[in-house]
Amino acid sequence: MALLITLITCFVITLATSQPCQTPDDFVAATSSGHIMIGGLFAIHEKILSSEDFPRPPEIQKCVGFEISVFLQTLAMIHSIEMINNSTLLSGVKLGYEIYDTCTEVTVAIAAALKFLSKFNDSREIMEFKCNYSRYTPRVKAVIGAGYSEISMAVSRILNLQLMPQVSYESTAEILSDKIRFPSFLRTVPSDFYQTKAMAHLIQKSGWNWIGIITTDDDYGRQALNTFAVQTVANNVCIAFKEVLPAFLSDDTIEIRINQTLEKIIAEAHVNVIVVFLREFHVFNLFSKAIERNINKVWIASDNWSTATKITTIPNVKRIGKIIGFTFRKGNMSSFQSFLQNLQMFPSDQNKPLNEYAMLLSACAHVKDSDLSQCFSNHSQKTLIYKAKKNIGRNFSMKNDFLWDYNEPGLVHSVQLAVFALGYALRDLCQARDCQNPNAFQPWELLEVLKNVTFTDGGNSFHFDAHGDMNTGYDVVFWKDVNGHMTITKVAQYDLKNDVFIITDQETKNELKNLKQIRSKCSKECSPGQMKKTTRSQHICCYECVNCPENHYSNQTDMDHCLLCNNKTHWAPVKSTTCFEKEVEYLNWNDSLAILLLALSLLGIMFVLAIGIIFTRNLNTPVVKSSGGLMVCYVILLCHFLNFSSTGFFVGEPQDFMCKTRQTLFGVSFTLCISCILTKSLKILLAFSFDPKLQNFLKGLYKPIPIIFTCTGVQVVICTFWLIFAAPAVEEDLSLPRVIIRECEEGSVLAFGTMLGYIAILAFICFIFAFKGRKLPENYNEAKFITFGMLIYFIAWITFIPVYATTFGKHLPAVEIIVILISNYGILCCTFFPKCYVILCKQDTNTKSAFLNTIYTYSSRSADSLAMSHISLDSTHSSNTMANPSSGGKPAAWQKSKDLQTQAFEHIFKEYATSASKTWSRKRNLSI
C-alpha cells in the first residue's frame, strides 16, 4: 500500500532506470535491518553505461537493462529470509539483508564486496587493515551470490581475506571447487564438470560427433570450454569450431563477434549441433540475428539460459531449431508463487528494484502481455518519464502472472537453498551463543559450521561436499512450440553419481530417440562391417570408411577398428558384422568320395568272400592245393578282408580309438598277408629250383610257420612301441581360414615310416623270390602274378609318399584309403583271380592228369635246356683248350665251378635219359 500511495501522490516523476551512485547508500539495491546481516549480489541490470567523459573518471556509472528473471531471484532471497524470520528456526534472532546490484560488472561487484567487509556500525564505512581478522566484525556475516562465475571469483578473492562465507546460487565454473584458491566459497549448484559431462553424454548418445561451441571470453567461458573439450574426447566427440564472444555487453566489439560467429556457423554445413555457454543477453542477441539469417540448428543450452523466458519471447524463435537445455533441479515453488501474488503488499521503500519494476510496468501498461518484455527492455535503456495515474495499482496487481512466467524454478530454488543453508548453520552456531549480539561470532566461525551443515527441504536432504558444492543434479528441458508460444518442458533428470539420464515418460523417450535422426557428423557413418580410417585431418571424427579385412568384424556403426576373430575357432569374410564358427570337417560318411571308396572296399570284401567260397568248394583240386592249401588261402583272404575293413576306420569323425586302430590293423594284417605270400614264393622257388646247393639252402630256410610268425611279430612289436610311446591321436588343424580339419595325427612320423618301410622290405624280398620263379608252369605258376602284385604295391606306395606329404584337408585320409585299396586289389587280383579263372573257366586243366602233364612238359623242356647247356659248355671247353693249351692261368674257383656245373648237368641228363617223366613228376609232386 505504501508503494501505491507513493505512486498516486506523484504528479510528474523523472527517473533514470538506475541512478548513478552519489552516496554509498545509493549503491544499495535493497536492504532490511536485522541482528545478523546477510549480503546479496545479483545482476539485476545487464550492463552499465559507458562514460563519455575523457579522461574517464573513476566513478560507478548507472546501470541499464532491467533483468526480470534476476529481479525474481532477488525476491526469492528476500522471501526466503522472511520465511526464516517468520519461523522458529532462529528463535528471537532476526535476519537482515543488504542486496547490491552488480550490473553484470566485476568492478561493481568488488565495490559491493568492499562494502560488505567494512567494519560493522562504523559511520565511515571503511575496511580496516589488520594482520589478523579473527576478532574483526564486518558489516555482514555472509554473502549470497554472485550469479556469474567471473564475478564470484573476483569477489571470493576479496572475501577470503576475512574467510567470509560466500554461497553462490549460479556460479558453476569448475575452478571454484578448488578450496586452496577459494577457501570460503560454497555453492548450491553442481560444478560445470558434471554439466559438461552430461552434455557430452547426451551428444554421444544421440549419435553426434561433429559439433560447435560458443563461450564467453572470461574465466567461466574458458573453464567451460576446457572442461567440455576433455569430456568430448572421452566420448569420441570432436569440436569443429570454438567461438568466443566478449563477456560484457559494454564491449564495443560484441556485435562484430556475433556476426563472425554466425558466418562460421553457416560455413560449417556439417555442424548441426552447437553447445552454447553464454549469458542470457548474449543468447538473446545471437538468436535474434540467427533468425534473420534463417539458421536452424540444435542448440544445447547451459544452465545460464536454458530456462530464460526472455529468449522465448524473441519473434519467430521457433525458427531457430531445437533447443535442449540443462537446468538446476527445481523445488517447491508454491510459497514463492503466493509471495509474488501479494507483491503489491510488500514494503518497497528500501527496495529499489521493486520500485523500478513498478515504474516499468506502469510505463508499459498499454502494451499487451506478449510484448511486455520488449517494452521493459526498451524503456530500461533510457530515462523514464511518465505521469502517475490512479489505476497504476490495479495494473500492477494484474501483471503478477506475467512476473511468474519469467520465473526460472531451478535458479530460484538454488537461491532458496543458499538462504536455508545459512539459516540452519546459524541455528547450530547460535545454540550456545547470543546471536542478537553482533559480536557473538565472526564470519570464519560461521564458515566452519556451514561446511558441515545438513538440512532438508521438500523431503530431500542437502549438504555441501568436500569441494563446497551441493550436487543437486540437473533437469533436462526441451523448448517446444505450443500454440505459437515457446514453452520449456522438463523431459528427464540427470543423475550425477551414475552418469545416467532418468526418463519415465515413454513420449519423452521417443523424443530423445528422434534426436538420432538429426545428423551432425564430419564424415559419413560407417556401417557394421566397416571401420574408420582417419584422414589427414587433425580430428578423429573425420575419416573414411573401409571394409574390415578377412577374419575381422565390426558389429556397430562408426567403430574405430575391426575386432579380430579367434582364428582358431572362428572366421569372418571381408566386411563382416560377426564371426562365424569354423565348420569342423573330416572325411564324412556322406561324402561322395568316401562313399565311392567304401563301395570299393565293400566290393573287395565281397570278392574275398566269393574267392573263399570258390576255394572251399574246390578244395581238392590241383589249383587249390598248389596255392598252399585251404588254411594258407584262408589266412591270406582274412588279411585282405581286414585290409578292406580297415578303410572304414579312415572315414567318419576321428576318435582316439579309430586313430590307433586303423594304422595298426592295416600294418599287422598287411604284414601277415605279405608274410604268407613270401612263404609261398619261397616254396615255389624251392620246388622248381635245379641248383642243388640253392635247393639245399632253400630247404633249410623254408620254415613256413616260424617265418610267418617272425615277420608278423616284428610288425607287432613296431606297432606296440608306436602305441606306447607316440600313439596316434585326434588333432584339429586350425591353420585353414574357414574350416577346422579334425584328423588323426600319426603321433610319430618315424614310427609310421618304420611300419610302412618294414612292409616294403618284406614285399621286396617276396618280389625277388617271385621274380626268380616267374618261368614256372603257366597254369599253376603264382610267381609271375606275385611279381606283378608286388610291382603294383611298390608303384602305389611310392606314389603315396609325395601325394600324402603335399595333401592337406579332410581328404587326406582318402589318399591312404586309395593306396590301401590299390595295393590290396593288386595283390588280391594277382594272387587269386588267375586261379579262380582256371577253376571256373578252365576246369579241364584243373585235374591231376592235366597237372602232371604240364609238369612233365615243363620238366622235359628244362632237361633239354640243361643238356644243350652241357653240350655248349663242352664245345666251349674244347675251344678254350686248343686256344690255350695251358689252363694254369685260370683261377681255381672258376675251374671248380665248371666241374660242378658239368657234374650237375650229367646227373640231370642221366636222370632225364632213364626216366625223365616218372622222376620229375615225382619230385615235383613231393616238393609241391
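You'll find the structure just up there.
No experiment lies behind these values; they were computed from the predicted model shown. Numbering of residues starts from 1 in each chain and follows the order in which that chain's sequence is written. Only residues with pLDDT of at least 70 get local features here, since the model is predicted, and only at 80 or more are side-chain atom pairs given and counted; chain-wide, interface and lining totals rely on the full set of residues. The basis for the side-chain values is all heavy atoms of the structure; hydrogens and waters are excluded.

Enquirer: Explain the pattern of salt bridges to me, please; I cannot follow it from the model alone.
Expert: Side chains that differ in charge, positive against negative, can pair when their charged atoms come close. Whenever Lys or Arg places a side-chain nitrogen within 4 Å of a carboxyl oxygen from Asp or Glu, that contact is recorded as a salt bridge. Counted according to the given criterion, the structure contains 24 salt bridges. When the shortest N-O distance is used, the salt bridge between Glu-98 and Arg-139 registers 2.7 Å. Remark: Arg-139 occurs in the loop between helix H3 (106–117) and strand S7 (142–144) and Glu-98 occurs in strand S6 (residues 95–101); sequence separation between them is 41 residues. Like Arg-139, Glu-98 is buried. Through salt bridges that share partners, Glu-46, Glu-67 and Lys-310 make up one connected network. Under the scheme used here, helices are H or I runs from DSSP no shorter than 4 residues and strands are E runs no shorter than 2 residues, and both carry numbers assigned from the N terminus. Accessible area is worked out with a 1.4 Å probe on protein chains only. A residue is then buried under 20% of its type maximum, exposed over 50%, and partly exposed in between.

Enquirer: It is not clear to me how the nonpolar core should be interpreted in this structure. Could you clarify?
Expert: Soluble, globular proteins show a tendency: their nonpolar side chains are buried together. Counting 70 residues, the largest nonpolar core has Ile-36, Met-77, Phe-376, Phe-441 and Leu-450 as its most contacted members. If you tally residues by element for this core, the top one is helix H15 (residues 409–429), at 12 residues. Every residue in contact with Leu-450, bar those within four places of it in the chain, is listed here: Pro-165, Val-167, Leu-186, Ala-421, Leu-422, Ala-425 and Phe-464. In this description, a nonpolar core means a group of buried Ala, Val, Leu, Ile, Met, Phe, Trp, Tyr and Cys residues linked to one another through side-chain atoms lying within 4.5 Å. Ranked by size, the runner-up nonpolar core spans 65 residues in total, among them Phe-670, Ile-677, Cys-766 and Val-815. Whether two residues touch is decided by their heavy atoms; if any such pair falls within 4.5 Å, the residues are in contact.

Enquirer: Is there a simple way to explain the pairing of strand S13 (residues 297–301) in this structure?
Expert: Taken residue by residue, a regular strand's side chains alternate between the two faces of the sheet. Across the 5 residues that make up S13, a large majority, 5, are buried. Residues Lys-297, Trp-299 and Ala-301 line one face of S13 and the alternating positions Val-298 and Ile-300 line the opposite face, and both faces are buried. The sheet contact formed by strand S12 (residues 273–277) and S13 spans 4 bridges and is parallel. Looking at the pairing, Val-276 lines up with Ala-301 of S13. Where the polypeptide runs from S12 across helix H8 (residues 280–292) and back to S13, its parallel neighbour, the crossover connection is right-handed. Being paired, for any two strands, means DSSP has found at least two bridges between them. In terms of strand pairing, S13 meets strand S14 (residues 321–328) through 5 bridges, oriented parallel. Along S14, the bridge assignment pairs Lys-297 with Gly-321. Crossover handedness is defined by viewing with both strands directed away from the observer: a clockwise path from the first strand over the helix to the second marks the crossover as right-handed.

Enquirer: Explain the sheet that holds strand S27 (residues 583–585) here, please?
Expert: Sheet strands line up and pair through hydrogen bonds in the backbone, either parallel or antiparallel. In spatial order, the strands read S27-S29-S28; together these 3 strands make up an open sheet with mixed pairing. Looking at the sheet topology across the chains shown, the edges are occupied by S27 and strand S28 (729–733). Pairwise comparison of adjacent strand axes, ignoring direction, gives a mean angle of 30° for this sheet. Both S28 and strand S29 (residues 739–745) contribute to a ladder of 5 bridges, which runs antiparallel. Within the sheet, the bridge partner assigned to Glu-731 lies in S29 and is Glu-743. Each axis is a line fitted through C-alpha atoms, taken for helices only over the stretch in contact, and angles between the N-to-C directions span 0 to 180 degrees.

Enquirer: Help me understand unusual backbone geometry in this model?
Expert: The general pattern is negative phi for most residues beyond glycine and trans for most peptide bonds. Of note, the bond from Gly-145 into Ala-146 is cis; its omega dihedral lies within 30 degrees of zero at -5°. Inspection of the secondary structure assignment puts Ala-146 in the loop between S7 and helix H4 (149–159). Phi is positive for Leu-163, close to 50°, though the residue is something other than glycine. If you trace the backbone, Leu-163 turns up in the loop between H4 and strand S8 (166–168). Positive phi is not limited to glycine here, since Asn-236 has a value of about 60°. In this structure, Asn-236 sits in the loop between helix H6 (219–234) and strand S11 (238–245). Look at Asn-236 and you get partly exposed, because its relative accessible area is 41%.

Enquirer: Would you mind showing me how to read empty space enclosed by the protein here?
Expert: If a probe as big as a water molecule is rolled over the atoms, it shows which places are left empty. Cavities and pockets were defined on a 1 Å grid built over protein atoms only: a cavity is a set of grid points that admits a 1.4 Å probe from which the probe cannot escape, a pocket is an open set flanked by protein on both sides within 12 Å along at least five of seven lines, and lining residues are those with an atom within 4 Å of any such point. Grid points are joined across faces, edges and corners, and a volume is the space filled by probe spheres set on the points. Within this structure, the stated rule accounts for 8 cavities of 30 Å³ or more. Here the second largest cavity defines a volume of roughly 130 Å³. As for the second largest cavity, its lining consists of 16 residues, and the residues nearest its centre are Val-70, Gln-73, Tyr-148, Glu-170 and Leu-411. Tallying contributions element by element places helix H2 (residues 68–85) first for the lining of the second largest cavity, with 3 residues. Three classes are used: nonpolar for Ala, Val, Leu, Ile, Met, Phe, Trp, Tyr, Cys and Pro, charged for Asp, Glu, Lys and Arg, and polar for all others, with Gly counted as polar. A per-class count over the lining of the second largest cavity returns 8 nonpolar, 5 polar and 3 charged.

Enquirer: Whenever I open this one, H3 confuses me. Can you help?
Expert: A turn of α-helix holds 3.6 residues, and therefore any two residues three or four places apart point the same way. Take the number of residues in a helix, subtract one, and multiply by 1.5 Å to get its expected span. The terminal C-alpha atoms of H3, which comprises 12 residues, lie 16 Å apart, in line with the 16 Å expected from a rise of 1.5 Å per residue. For H3, the full list of buried residues reads Val-106, Val-108, Ala-109, Ala-112, Ala-113, Lys-115, Phe-116 and Leu-117. Looking at the packing, one finds that the buried side of H3 touches strand S2 (28–32), strand S3 (36–42), strand S4 (45–48), S6, S7 and H4.

Enquirer: Help me understand the state of the cysteines in this model?
Expert: One covalent bond between the sulfur atoms of two cysteine residues makes up a disulfide. Throughout, disulfides are identified as pairs of cysteine sulfur atoms within 2.5 Å of each other. Scanning the model with the defined rule gives 8 disulfides in all. One disulfide in the model links Cys-430 with Cys-435; its S-S distance is 1.8 Å. Across the S-S bond linking Cys-430 and Cys-435, the dihedral sits near -100°, which makes this disulfide left-handed. Exposure class is identical for Cys-430 and Cys-435. Each is buried. For Cys-522, the disulfide goes to Cys-542, at an S-S distance of 2.0 Å. Since a negative S-S torsion denotes a left-handed disulfide, the Cys-522-Cys-542 link at about 105° is right-handed. Of this pair, Cys-522 sits in the loop between helix H17 (506–514) and strand S21 (530–534) while Cys-542 sits in the loop between S21 and strand S22 (543–547), and the two are 20 residues apart along the sequence. Relative accessible area serves as the criterion here: at 8%, Cys-542 is assigned to the buried category.

Enquirer: Quick question: what am I supposed to make of a positive patch on the surface here?
Expert: The residues that make up patches have over 30% relative accessible area and no salt bridge, and they are joined within 9 Å when like-charged or within 5 Å when they are Val, Leu, Ile, Met, Phe, Trp or Tyr. Accessibility throughout is a Shrake-Rupley quantity obtained with a 1.4 Å probe, and a residue counts as covered only by protein chains that appear here. When charges are tallied, Lys and Arg are placed among the positive residues and Asp and Glu among the negative ones, while His and the ends of the chain are skipped. Charge coordinates come from a single atom per side chain, which is NZ of Lys, CZ of Arg, CG of Asp or CD of Glu. On the surface, a cluster of positive charge is contributed by Lys-205, Lys-509, Lys-513 and Lys-516. Turning to its location among the elements, Lys-513 is positioned in helix H17. On the basis of relative accessible area, Lys-513 is assigned to the exposed category, the value being 54%.

Enquirer: Hey, could you run me through the sheet that holds S13 in this one?
Expert: With mixed pairing, the 8 strands of this open sheet are ordered in space as S11-S10-S12-S13-S14-S18-S19-S20. At either end of the open sheet lies a strand with only one pairing partner, and these are S11 and strand S20 (500–502). The average undirected angle you get between the axes of adjacent strands in this sheet is 25°. Where strand S10 (residues 210–216) lies against S12, 4 bridges are found, and the strand directions are parallel. When the sheet's bridge partners are listed, Ile-214 is paired in S12 with Val-276. Packed on one face of the sheet, H6 meets S10, S11 and S12 and runs near 160° to S10.

Enquirer: Whenever I open this one, the side chain of His-201 confuses me. Can you help?
Expert: Structurally, His-201 is set in helix H5 (residues 192–205). Classification of His-201 by relative accessible area gives buried; the value is 17%. When sequence neighbours within four positions are dropped, the list of residues in contact with His-201 reads Asn-235, Tyr-494, Asp-499, Val-500 and Phe-501.

Enquirer: Explain the layout of surface pockets here, please?
Expert: Reported here for the largest pocket is a volume of approximately 880 Å³. Along the walls of the largest pocket sit 32 residues, with Thr-309, Thr-312, Asp-405, Met-486 and Thr-487 positioned nearest its centre. Sorting the residues of the lining of the largest pocket by element identifies helix H9 (309–312), S14, helix H14 (400–405), H15, strand S18 (474–482) and strand S19 (485–495) as the ones contributing at least two each. If you tally residues by element for the lining of the largest pocket, the top one is S19, at 6 residues. Among the residues making up the lining of the largest pocket, the classes are represented as 10 nonpolar, 14 polar and 8 charged.

Enquirer: Help me understand the packing of helix H18 (residues 592–617) against helix H20 (residues 630–646) in this model?
Expert: Between two packed helices, the angle of one axis relative to the other and the distance separating the axes together describe the packing. Following both chains from N to C, one finds H18 and H20 inclined at 170°, their axes separated by 9 Å at the closest point. Classified by the angle their axes make, H18 and H20 are roughly antiparallel. Each of Ser-601, Gly-604, Ile-605, Val-608, Ile-611, Gly-612, Phe-615 and Thr-616 in H18 lies in contact with H20, whose residues at this interface are Leu-630, Cys-633, Tyr-634, Leu-637, His-640, Phe-641, Phe-644 and Ser-645. A breakdown of the residues in the contact of H18 with H20 according to their chemical character gives 10 nonpolar, 6 polar and no charged. Here roughly perpendicular refers to angles of 65 to 115 degrees, roughly parallel to angles under 35, roughly antiparallel to angles over 145, and oblique to all remaining angles.

Enquirer: Can you help me understand H4 in this one?
Expert: Counted residue by residue, H4 has 9 buried out of 11 residues, so it is predominantly covered. Ser-149, Glu-150, Ile-151, Ser-152, Met-153, Ala-154, Val-155, Ser-156 and Leu-159 are the residues of H4 that are buried. Each element contacted by the buried residues of H4 is listed here: S3, H3, S7, S8, strand S9 (185–187) and H6.

Keep in mind these numbers describe shape, not what the thing actually does.
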